[in-house]
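In case you want the letters, here they are:
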Amino acid sequence: MAPKRLATPLLLPSLLLIGLMTLLAACGGQPADRNTVDVSGIGEIKATPDRFRVRAVSSRTGDDINAMKQEVDAEIRAAISLANELGLEERLVRATGINISPEWQWQPERKIIGHQVSRDIDMAVDGVEAYAELLEGMTRLGFKQLQQVGAELAEATALENQAFEAAMQDARNKADILARAAGRTLGDAIVIQEQGGGGGHQPMMAMARDAAESGSAYSPGEITLRKQIQVRFEMH
């Protein structure tokens, strides 16, 4: 009886090729060697948001579409004037066109009983104090539908750069520990790759129910900017 073979000649090159492809994929397409070390680095920067976006809706319901349109337009113009008084940049104020939709009665029969006329205005303001002032002014103008669209950083680039720097320092610290543990000396970074989409967490704005009420409180919360990188260092 012929002895059993452990592996065919054709199978061994295939296994080697699969192993090489796996190593290349794990290291961004560049083969690692015994003189390099791969580590990940994470950097987080916490900051208080300083730009707040607000959406307000002016709407009327009834039968006289022309009269309702004039009232809605007047309310939106007043909101734009308020934005100018508060020094909001023109590019941060956007008013939509008129929207007219029917009001339906469904019981006992389906029929139109009137119309709704509405317009939206979106505004962004810098600073929590200006944000509070904007809400109070909009309430005085008669707006009852006020919604906070978002809280963000007006100038996020510098903070994102700080997060990248922190991620790089984190990666270097990890690599240095590993190199010293192996009795080696850490060298230069030769491959750096950003991981994931980065970004941060949007906070929720806490505010009083009635913005016009004296003593209303506003808490802007906190944003965390997070960056993650993969770095390959030389070892000597």
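For the structure, see preceding data.
Attention in this report is confined to the structure presented alongside it. This one's a predicted model, so the numbers in the text were calculated from it and none came from an experiment. (Residues numbered from 1 in each chain as written. Predicted model: local features only at pLDDT ≥ 70, side-chain atom pairs only at ≥ 80, totals over all residues. Heavy atoms only, no water.)

## Examining the overall build of the protein
Across its full length, the protein carries four helices and eleven strands. Looking at the protein residue by residue over its 236 residues, the buried ones come to 30%. Just so you have it, the protein exposes about 14900 Å², and 52% of that area is on carbon and sulfur atoms. (Helix = DSSP H or I, 4+ residues; strand = E, 2+ residues; numbered from the N terminus. Buried < 20%, exposed > 50% of the residue type's maximum accessible area, 1.4 Å probe, protein only. Areas by Shrake-Rupley, 256 points an atom, 1.4 Å probe, with all protein chains shown as cover.)

## Describing the nonpolar core
Membership of the largest hydrophobic core comes to 20 residues, with the highest contact counts inside it found for Ile121, Met123, Val125, Tyr131, Leu134, Met138 and Phe143. At the level of elements, strand 2 (51–62), helix 2 (65–85), strand 5 (111–126) and helix 3 (128–140) are the ones that each hand at least two residues to this core. In terms of residue count, the dominant contributor to this core is helix 2 (six residues). Those residues within four positions of Val125 in sequence are excluded, and the remaining contacts are Asp50, Arg51, Phe52, Leu88, Ala130, Tyr131 and Leu134. (Core = buried A, V, L, I, M, F, W, Y, C linked by side-chain atoms within 4.5 Å. Contact = heavy atoms within 4.5 Å.)

## Some details on unusual backbone geometry
Residue Pro108 is bonded to the preceding Gln107 through a cis peptide linkage, with omega at 0°. Inspection of the secondary structure assignment puts Pro108 in the loop between strand 4 (99–105) and strand 5.

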